[in-house]
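Structure at a glance
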Amino acid sequence: MEMSYQIAVSFLVTLLLLSLFMFIVYKIRKIRSERDVRKAYYNSISRIWLGSLILSFGLNTIIQFPTAVSYIIGALFVVIGAYNIWHFNAARKYFKGNIPIEDKAWADFNRKAKK
């Protein structure tokens, strides 16, 4: 039992740190992007990683601290994180569908600007 507890906590902490790193990476990509649809696309991906961070924090709280208060707070974090992942995954799909339209508009704009 002790070994599975250590593996679970190690996995959740690793997921937490990975989620934080990927959240920062996609926030930087959003800031550096010049196109509006790509900014929204990268923002939605970063919010998915933020949801993953919140969810893993909630699960980690539930596993590490077996009290009623931590169960309530952990469950709240799990629900908020899962909702974040679900909602911004739908937004990501929407913006991913609009990227080719934006690419075509940028190509037309650049072609007209060169004339």
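Residues numbered from 1 in each chain as written. Predicted model: local features only at pLDDT ≥ 70, side-chain atom pairs only at ≥ 80, totals over all residues. Heavy atoms only, no water.

1. A word on the UniProt feature "transmembrane region" (unreviewed entry) in the protein chain
Stated formally: UniProt positions are given in the numbering used here, feature names are shortened, and annotations may be inferred rather than shown by experiment. The secondary structure listing takes helices from DSSP runs of H or I that are at least 4 residues long and strands from runs of E that are at least 2 residues long, numbered from the N terminus.
The sites that UniProt annotates as "transmembrane region" (unreviewed entry) are residues 6-28, 40-62 and 68-86. The distance separating the terminal C-alpha atoms of residues 6-28 is 33 Å; by composition the span is 100% helix and 0% strand. In residues 40-62, helix accounts for 100% and strand for 0%; the two terminal C-alpha atoms are 33 Å from one another.

2. Details of the packing of helix α1 (residues 2-32) against helix α2 (residues 36-64)
For the record, the criterion: For helices, the fitted line uses only the C-alpha atoms of the stretch in contact; every axis is such a line through C-alpha atoms, and the angle between N-to-C directions lies from 0 to 180 degrees. Convention used here: angles under 35 degrees read as roughly parallel, angles over 145 as roughly antiparallel, angles from 65 to 115 as roughly perpendicular, and any remaining angle as oblique. By convention the crossing between two helices is left-handed if the near helix lies anticlockwise of the far one by an angle smaller than a right angle, and right-handed if it lies clockwise. Each residue is assigned to one class: nonpolar for Ala, Val, Leu, Ile, Met, Phe, Trp, Tyr, Cys and Pro, charged for Asp, Glu, Lys and Arg, and polar for all the others, Gly among them.
The geometry of α1 relative to α2 is characterised by a closest axis approach of 8 Å and an angle of 160° between their N-to-C directions. By the criterion of interaxial angle, the relationship of α1 to α2 is roughly antiparallel. For the pair α1 and α2, the crossing hand works out as left-handed. Across the contact of α1 with α2, the residue classes tally to 20 nonpolar, seven polar and four charged.

3. Some thoughts on the environment of Ala91
What counts here: Exposure classes here rest on a 1.4 Å probe applied to the protein chains alone. A residue is buried below 20% of its type maximum, exposed above 50%, and partly exposed in between.
Mapped onto the secondary structure, Ala91 falls in helix α3 (residues 68-114). What makes Ala91 buried here is its relative accessible area of 19%. Taking the C-alpha atoms as reference, Ala91 lies 9.5 Å from Asn43; in sequence the two are 48 residues apart.

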